[in-house]
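Structure at a glance
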Amino acid sequence: MLEVGGGVGAIQVELLEAGAAEATNVELSPGYEDEAAALLREHGLEDRVHRRILDFAVAQDLLAPADVVVLHRVVCCYPDPGTLVGAAAVHARRRLVLSFPPRNAISRLVASAVNVYCAARRFEFRVYMHPLPVILAAAEGAGLSPAAQGRSGIWRYAAFERASG
């Protein structure tokens with residue numbers, strides 16, 4: 001499996017313990033590495049996870065495809081959903097799973113407030129509320145078919161599959 005923006009790697013641990021053979025975590029920030037190493041040691045999974053610090057959308061050619069690609073709560077942290085989701089979809093041999101906030105008046109208001117705060121504090125981080133059709137089209141444009149879509153709490157999710165054959 002490949003997780004883009006996987007933070008400390010909690011989802012990878014869950015999937016590895018459920019039977020996945022190995023995982024790659026791609027993260028923009030090195031700030032998660034110490035906690036990630038401790039989590040992997042705690043679960044005895046150090047030899048089954050590869051961690052990379054890079055911008056996946058820019059450096060996707062450095063990573064091999066995976067059966068399953070996960071983008072959990074990361075699409076809203078990237079300015080170009082077409083490039084990010086499209087790259088993830090190209091890397092998904094079998095499945096792509098995404099979670100992201102809905103784009104509505106409340107979420108846009110919250111995102112604006114977060115962005116004002118970040119700008120005032122001189123943080124580079126920004127939140128983006130991307131239109132659902134743009135996110136879905138990026139995955140479908142890479143040859144994936146929708147398999148599931150819905151909500152879990154305040155988050156939306158979408159799952160895609162690649163046709164076998």
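Quick summary incoming for the structure in this document. These numbers were taken from a predicted model, which means no experiment stands behind them.

Strand order in this open sheet of seven strands is β3-β2-β1-β4-β5-β7-β6, and the pairing throughout is mixed. Strands at the two margins of the open sheet, each flanked by one partner only, are β3 (49-53) and β6 (144-152). Sheet twist, expressed as the average angle between the axes of neighbouring strands with direction ignored, equals 15°. Relative to strand β5 (residues 92-100), helix α4 (residues 81-91) is tilted by about 150°, and along the sheet it contacts β1 (2-4), β4 (66-72), β5, β6 and β7 (155-162).

What follows concerns the packing of helix α1 (residues 10-17) against helix α2 (residues 33-43). For the pair α1 and α2, interaxial distance at closest approach is 10 Å and the crossing angle is 20°. On the basis of their axis angle, the class for α1 and α2 is roughly parallel. The crossing of α1 and α2 is right-handed. Where α1 approaches α2, its residues Ala-10, Val-13 and Glu-17 are matched on the opposing element by Leu-39, Leu-40 and His-43. Grouping the amino acids of the contact of α1 with α2 by side-chain chemistry returns four nonpolar, one polar and one charged.

With that settled, the discussion passes to the nonpolar core. Grouped together as the largest cluster of nonpolar side chains are 30 residues, with contacts concentrated most on Phe-56, Val-69, Leu-71, Val-85, Leu-96, Leu-98 and Phe-160. For this core, the elements supplying multiple residues, two or more each, are β1, α3 (56-59), β4, α4, β5, α6 (132-140) and β7. Top contributing element to this core by residue count: α4, with five residues. Here Val-85 is in contact with Val-75, Leu-96, Leu-98, Ile-135, Ala-138 and Ala-139, once residues within four sequence places are set aside. Leu-16, Ala-23, Leu-45 and Val-70 belong to the second largest nonpolar core, which has nine residues in total.

Under the definition given, this model contains three salt bridges. In this structure, Arg-51 engages Glu-33 in a salt bridge whose closest nitrogen and oxygen atoms are separated by 2.9 Å. Taken together, the positions of Arg-51 in strand β3 and Glu-33 in helix α2 put the pair 18 residues apart, joining distant regions of the chain. The exposure class assigned to Glu-33 is partly exposed, which follows from its relative accessible area of 24%. The partner of Arg-93 in a salt bridge is Asp-67, with the nearest N and O atoms 3.1 Å apart. Taken together, the positions of Arg-93 in strand β5 and Asp-67 in strand β4 put the pair 26 residues apart, joining distant regions of the chain.

Analysis parameters
- Residues numbered from 1 in each chain as written.
- Predicted model: local features only at pLDDT ≥ 70, side-chain atom pairs only at ≥ 80, totals over all residues.
- Heavy atoms only, no water.
- Pairing = 2+ DSSP bridges.
- Helix = DSSP H or I, 4+ residues; strand = E, 2+ residues; numbered from the N terminus.
- Axes fitted to C-alpha atoms, helices over the stretch in contact; angles between N-to-C directions.
- Contact = heavy atoms within 4.5 Å.
- Parallel < 35°, antiparallel > 145°, perpendicular 65-115°, else oblique.
- Left-handed = near helix turned anticlockwise from the far one by under 90°.
- Nonpolar A, V, L, I, M, F, W, Y, C, P; charged D, E, K, R; others polar.
- Core = buried A, V, L, I, M, F, W, Y, C linked by side-chain atoms within 4.5 Å.
- Buried < 20%, exposed > 50% of the residue type's maximum accessible area, 1.4 Å probe, protein only.
- Salt bridge = Lys/Arg side-chain N within 4 Å of Asp/Glu carboxyl O.

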